[in-house]
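# Descriptive structure summary
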Amino acid sequence: MQLPKPYPDELAGSVWARASARMGVPLETLLKNTLGVRKKSISLLLGQNVTRIAAAMGLDPEVYLSAHTIFPYCVAFMPPEQQMRLREKFISSASMRSSIGSITKVVTHGVMERRFCPLCVSSDLQVYGEAYWHRLHHLPGVLTCSVHRCRVIATNIPLSGKVRIRDHLALPSSGFHELAPVADDALMCVANLSHAALTGRGHILKSSYDYRADAWKKGFGLTTTDLATAVFSNELSRFFGEQYLRNAGCLVRGLPKRQWPALMLRHNVSLQFAAPKHIMMRTFLHHGSTVKICKLELYQRPGPRLPEFSVLDQQIVEALCDIALKLDLMGERCTVKEMMTKARAWQSYRHHRKFFPLTEQFLAEFKRSELAVRQLGGRAIWRERFPTKFGLKPKKDVQKT
Ligand SMILES: [Zn+2]
């Protein structure tokens, strides 16, 4: 059974829907007669058995894969050898359920429902007499038609998952504008980059892109070697907004240093990131405003390690006990500061009092004891001048004895 020839940029599933409508044959029968499979639906994006589908459409498998599926977009940022391997695997394999799932999930996770551009629809109706589903409008984060530079319209038909049989056969008609608090020029950039990824055009995809160098130019450098990666992730997330990124399958989440924008800034990235993330990254680096990192507030360099306070607390109390014992034996008194200075703990204690509960308790008792100068009252100068008044031995007496 021969299917109609696909229109430019038409998605594979759209051809099946048109064929079913044109021939007046249920999709199930069409699939059985054409591919010999008992199925009630077929993927809008790709479809199994590339060779047989391509033959039914009168196309070369290479042309079918490149021009009517989202395959080129999914592999656009992979190394050329890997792209080639996957392409061969897709074309040669008759049943590729697992491969299809893993390769298309980039798109199915990032596009919630079918979309269309109203100007594309009116142009298609004028030229071909019927409307159809375009690949360009079914890419993650693409809310603008890169051909007409207008916003696309979302429908109530889910792209994948539970789709009603009659929805499989639906063609673009009505829908609603998807709201996104993202600047128009950034959305246009996402659309243009996605278009380039899909068609393999645009040298931007071919050239090696240095995300670190660009992040530096944007002001995210901390030192000559360090980048404020966590701040970068946060700024990217703020730039696009959480809802938009979630819908595009690019939500920024997890520990700041493990978030995907931060990981993409690593030296010699060995991880492979999905196409939409590369596109969001490049759009942000191009359109995000330059920042000024407040280094001291955000990324203080780690100073010397703080001591283990509980251990130090006990050591100080032991030292203070020794000092108190000697004071008692000598019949002397001292101040808290003198005592703590002797124990070599005054500075630590002054700056981190709350971490030394045992010391604090000891000092509270010390202040009430006969060993504390404080118990005598009066200022030091008066105690020196009138020692006997404060219960101290006169200096002369001390000298005599
Ligand atoms: Zn359009």
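The structure this text deals with has already been given above.
Bear in mind that the values here come from a model prediction, so they are computed numbers and not experimental data. (Residues numbered from 1 in each chain as written. Predicted model: local features only at pLDDT ≥ 70, side-chain atom pairs only at ≥ 80, totals over all residues. Heavy atoms only, no water.)

### Observations regarding the overall build of the chain
Selection rule: Labels follow the DSSP assignment, with helices taken as runs of H or I lasting at least four residues and strands as runs of E lasting at least two, numbered in each case from the N terminus. Think of it in three bands: residues with accessible area under 20% of the maximum for their type are buried, residues over 50% are exposed, and the middle band is partly exposed, with areas taken using a 1.4 Å probe on protein chains only. Pairs of residues are marked as contacts when any of their non-hydrogen atoms sit within 4.5 Å. Accessible surface area values rest on a Shrake-Rupley calculation with a 1.4 Å probe, where residue burial reflects the displayed protein chains alone.
The secondary structure content of the chain amounts to 23 helices and three strands. A buried classification covers 47% of the 401 residues belonging to the chain. Long-range contacts, defined here as pairs at least 24 residues apart, represent 65% of the contacts in the chain between residues at least 6 apart. Accessible surface, the chain as shown: approximately 22,400 Å² in total, 54% of it carbon and sulfur.

### Some remarks on the pairing of strand β2 (residues 153–158)
For the record, the criterion: One bridge is not enough; two strands pair if DSSP finds at least two bridges between them.
Where strand β1 (residues 113–116) and β2 come together, three bridges link them in antiparallel fashion. Paired with F116 across the bridge in β2 is I153. Taken together, the two bridges between β2 and strand β3 (residues 176–177) define a ladder with antiparallel strand orientation. Within β3, the residue paired with I153 across the bridge is H177.

### Considerations on the coordination of the zinc ion
Operational definition: Each metal's donors comprise the N, O and S atoms found within 2.8 Å of it (within 3.2 Å for Na, K or Ca). Water is not part of the atom list, so some coordination spheres may appear incomplete. Tetrahedral means four donors with every angle between 85 and 135 degrees, whereas square planar (four donors) and octahedral (six donors) require angles over 155 degrees between opposite donors and between 65 and 115 for all others; sites fitting neither are termed irregular.
The zinc ion binds to the protein through C117 (SG), C120 (SG), C145 (SG) and H148 (ND1); the donor distances cover 2.1 to 2.3 Å. Taken together, the four donor atoms surrounding the zinc ion define angles of 100 to 115° at the centre, an arrangement classified as tetrahedral. Going along the chain, you hit the donors of the zinc ion in the pattern C-x2-C-x24-C-x2-H. The exposure classification of C117 matches that of C120, with both residues buried.

### Concerning empty space enclosed by the protein
Inclusion rule: A cavity here means a set of points on a 1 Å grid, drawn over the protein atoms and nothing else, where a 1.4 Å probe fits but cannot get out; a pocket is an open set with protein on both sides within 12 Å along at least five of seven lines, and a residue lines either one if it has an atom within 4 Å of a point. Grid points are joined across faces, edges and corners, and a volume is the space filled by probe spheres set on the points. Note that Gly is not counted as nonpolar here; it falls among the polar residues with everything else outside the nonpolar set of Ala, Val, Leu, Ile, Met, Phe, Trp, Tyr, Cys and Pro and the charged set of Asp, Glu, Lys and Arg.
According to the stated counting rule, one finds two cavities of 30 Å³ or more in the structure shown. Considering only enclosed or pocket space, the second largest cavity measures out at about 40 Å³ in volume. Considering the residues around the second largest cavity, the lining is formed by G110, R115, G141, L143, E178, Y244, N247 and A248. Counted by class, the lining of the second largest cavity contains three nonpolar, three polar and two charged residues.

### Examining the sheet that holds β2
Read from one edge of the open sheet, three strands run β1-β2-β3, paired in antiparallel fashion. Two strands lie at the open edges of the sheet, namely β1 and β3, each paired on one side alone.

### Regarding the packing of helix α10 (residues 184–199) against helix α16 (residues 275–287)
Cut-off, in case you're wondering: All axes are obtained by fitting lines to C-alpha atoms, using only the stretch in contact for helices, and the reported angles, taken between N-to-C directions, cover 0 to 180 degrees. In what follows, roughly perpendicular refers to angles from 65 to 115 degrees, roughly parallel to angles under 35, roughly antiparallel to angles over 145, and oblique to any angle outside these ranges. Left-handed describes a crossing whose near helix is turned anticlockwise from the far helix through less than a right angle; right-handed describes the clockwise counterpart.
In contact at an axis separation of 9 Å, α10 and α16 are set at 135° when each is read in the N-to-C sense. With respect to α16, the element α10 is oriented oblique. Handedness of the α10/α16 crossing: right-handed. Residues D185, A186, C189, V190, L193, S194 and A197 of α10 form the contact with α16, whose participating residues are I279, M280, R282, T283 and H287. When grouped by side-chain class, the residues that make up the contact of α10 with α16 number seven nonpolar, three polar and two charged.

### Here's the deal with the nonpolar core
Stated formally: Here the nonpolar core consists of buried residues drawn from Ala, Val, Leu, Ile, Met, Phe, Trp, Tyr and Cys, with membership extended through side-chain atoms lying within 4.5 Å. The start and end points of each domain follow an automatic or database-based domain assignment.
Counting residues in each nonpolar core, the largest one holds 86 residues, and the members touching the most others are W16, Y73, F232, L236, F240, Y244 and M280. Among the elements that take part in this core, α10 stands out by supplying nine residues, more than any other. Per-domain counts for this core show at least three residues from each of domain 1 (12–184) and domain 2 (208–274 + 292–298). If we skip the residues at most four places from it in the chain, F232 touches A215, F220, P261, L265, M281, F284 and L285.

### With respect to α16
Operational definition: The span you would expect from a helix comes to 1.5 Å times its residue count less one.
Between its terminal C-alpha atoms α16 stretches 18 Å, which fits the 18 Å expected from 13 residues at 1.5 Å a residue. Counting buried positions along α16 gives 10 out of 13 residues, so the element sits mostly inside the fold. The complete set of buried residues in α16 reads A275, P276, H278, I279, M280, M281, R282, T283, F284 and L285.

### Quick word on a nonpolar patch on the surface
Worth spelling out the cut-off: Patch members must show over 30% relative accessible area and no salt bridge, and they are joined within 9 Å when carrying like charges or within 5 Å when they are nonpolar side chains of Val, Leu, Ile, Met, Phe, Trp or Tyr. In what follows, salt bridge is the name for a side-chain nitrogen of Lys or Arg lying within 4 Å of a carboxyl oxygen of Asp or Glu.
A surface patch of nonpolar side chains, amounting to about 380 Å² of accessible area, comprises L325, L329 and M330. Locating M330 in the fold gives a position in helix α18 (residues 309–330). Assessed through its relative accessible area of 58%, M330 is described here as exposed.

Any link to function would need more than the numbers given here.
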